Amino acid sequence: MSTFTVLLRQRIRRDWLQLTLWILGTAAMAGAGYAGVSQSYSTLEDRQNILAAALANPVILMFRGLPSGTSEGAFIAFEILPWLALLAALMSTFLAVRHTRGDEEAGRSELVWATPAGRRLPTIVTIVHGILANVVLAVLTALALLASGLPAAGSVLSGAAAGATGIAFLGIGLLAAQLMRTSRGANSLTVWVLVATFLIRGIGNAAGTPDDDLSGMTSAWFAWISPFAWAEQTRPYDADLVGPVFLGLGLGLVLAAASVALQSQRDIDASFVAERPGRVSARPALASPHALVWRLTSGSIVGWAVGGAVTGILATTLSGLVDQISGDNPAVADILKKIGGATGGLDEVVITVFFTLLGILAACCAVQTVVRARQEEARGTAEAVLATPVGRVRWLADYVIVGTVAVLIVVAAAVLAGWAGIRSTDADGSLYRIVAVAGLGQVVAASVFTVLTALVFVLVPRATIGLAWTLVLVATMLGMFGPLFGLPEWTANISPFAVTPVVDGDGVDVRGLWWLVLAVGAGLAGSLSLMGRRELATGG
């Protein structure tokens, strides 16, 4: 058996569970998209109303695809194609960093490079591994759409567009792993590139030119900067353009080749972006273990807080625009109410929708913070802390505390920005209360994932990173897309994001607040009590 085959089998064996979840989840989303559209927007008139609303409304265009026709297939592509591409991109970036900078940081790469495999072959195997994963994702996504009875050309092109986006971000992840000194830094860089390009796609669509019949749109030129826009420009079930698929493939392969070349130009554990030198002696503020946790995670928390502030100000400044548009297109109110679950005016519904997104951002911040405990344990640095009088329970509790504070910071940034938006637009003063209630509700929802991540870390430490992010992804899909896909109401209510309190007239409908609080308390007690009984689990 060749060295290449041995390394490839090792990667497949190591990743089979994570990749299975990513790929089947993406294919399931494609199949659910057809079911939801056929149930909720079965008539041509329904789809025309939604597209007309989307073409006039930047809120919808930011979180949906590129309008390209009123057929069922084209409408499904408008609804979910960017999200299929997003799932493929996340899968690919994590895979790329895990098998390059992650292995190098853990000391595994040095052992492999000392064998006849050398330095380049493991990276080449990772490239092949990532391409194969995206090919399988593309095929299963296309089959899910074909099984729904949609045209073959558009179904195959939708799967290929998602897979090509994944390959583009595989190259971005590989390049980031060469530039950054740590896997955490490489993952952070790729995620910020991903978020930025996803937003550029949405802004480019919102700034585009609608067709005369209000069934399609030509994006602004700068949308073509984004690989997500390339996926949308294939226009499945309408023009069926193959060319943009090759842009994604080409970018991924060029960056992958560049990463192989860069790797041969640096020493092991070195990077092209130099680490910031540390102080000779620590500040007095770092004398406690929770201060160390804060120092390790503060940079990412600030980044998430900026995202929260942007979400908050959009929630209140765009609500008036949506209210105006809905007068001519009631379908706008219908689609937003399905997502938000609010029962008041449309401005309240818009705020609820945006604050649902805020809850997801806050949960991601909390997960990234608590997951750092697993990264420190795997690298062996946690052992040095635990060799001091700091116990295991207190050590984990510090990560949970900082994760909770991080959630509060992200939500507070959004609430303050939302209030500033209300003040700048002279909107109804009652919106201040709506923003506050929505923000406090999402604090509790995001805190559920803080304690769930801690619980996963205690019970199955080696699966912490993959499983914690999967829980957030599943909750996001159920909470935001379950109603649009025609799923039963109880499936959406499983998601903490979908059952937070909302203003109901002069009062507040607490909805699922009490079970969320109970889940936080039970998860916190369970994780801390069990942490005192388990040993350290070093290694990846």
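Here the structure is a predicted model, which is why all the values come from computation and not from measurement.

Turning to the nonpolar core, a few remarks are in order. The biggest cluster of nonpolar side chains holds 115 residues, and the ones touching the most others in it are Met29, Phe228, Phe355, Trp395 and Phe449. No other element matches the 18 residues that helix 4 (residues 72-106) contributes to this core. Ignoring any residue separated from it by four or fewer positions in sequence, one finds Trp395 in contact with Ala373, Glu376, Glu377, Ala382, Val385, Leu386, Val390, Phe457 and Met531.

Now for the confidence of the model for the protein. With 90% of its residues at a pLDDT of at least 70, the protein reaches an overall mean of 85. Throughout residues 325-329 the model reports pLDDT below 50, and contacts reaching past four residues in sequence, or to other chains, amount to 8 contacts.

Following the criterion strictly, the structure yields 9 salt bridges and no others. Glu232 is paired through a salt bridge with Arg201; the nearest N and O atoms lie 2.9 Å apart. Of this pair, Glu232 sits in helix 9 (residues 227-232) while Arg201 sits in helix 8 (residues 183-206), placing them 31 residues apart in sequence. Using a relative accessible area of 4% as the deciding quantity, one classes Glu232 as buried. Arg374 serves as the salt-bridge partner of Glu377, at 2.8 Å between the closest nitrogen and oxygen. Of this pair, Glu377 and Arg374 are both found in helix 14 (residues 346-379), 3 residues apart, which corresponds to roughly one turn of the helix. By the burial criterion, Glu377 is buried, and Arg374 matches it. Several salt bridges converge on common partners, so that one network encompasses Arg14, Asp103 and Arg108.

With that settled, consider the environment of Thr93. Take Thr93: it is sitting in helix 4. Considered as a pair, Thr93 and Phe169 are 76 residues apart in the sequence and their alpha carbons are 5.7 Å apart. Beyond its immediate sequence surroundings of up to four residues, Thr93 is in contact with Phe169, Asn187 and Thr190. Only 3.1 Å separates the side chain of Thr93 from the backbone oxygen of Leu90, close enough to count as a polar contact.

In this section: the packing of aromatic side chains. All chains considered together, the criterion is met by 10 aromatic pairs. Aromatic side chains Trp395 and Tyr399 sit 5.5 Å apart centroid to centroid with 75° between the ring planes, which places their arrangement in the edge-to-face category. Linking Trp395 with Tyr399, this pair stays in helix 16 (residues 392-425), spanning 4 residues, or about one helical turn. A relative accessible area of 2% places Tyr399 in the buried class. In this structure an aromatic cluster arises from ring pairing among Trp83, Phe169, Phe198 and Phe228. The positively charged end of Arg201 is found above the aromatic ring belonging to Phe198, 4.3 Å away from the centroid.

Rules of the game
Residues numbered from 1 in each chain as written. Predicted model: local features only at pLDDT ≥ 70, side-chain atom pairs only at ≥ 80, totals over all residues. Heavy atoms only, no water. Core = buried A, V, L, I, M, F, W, Y, C linked by side-chain atoms within 4.5 Å. Buried < 20%, exposed > 50% of the residue type's maximum accessible area, 1.4 Å probe, protein only. Helix = DSSP H or I, 4+ residues; strand = E, 2+ residues; numbered from the N terminus. Contact = heavy atoms within 4.5 Å. pLDDT = per-residue confidence, 0-100. Salt bridge = Lys/Arg side-chain N within 4 Å of Asp/Glu carboxyl O. Polar contact = N/O pair within 3.5 Å; in protein donor to acceptor, adjacent residues only side chain to side chain. Phe/Tyr/Trp six-rings, centres within 6.5 Å; stacked < 30°, edge-to-face > 60°. Lys NZ or Arg CZ within 6 Å of the ring centre and 35° of its normal.

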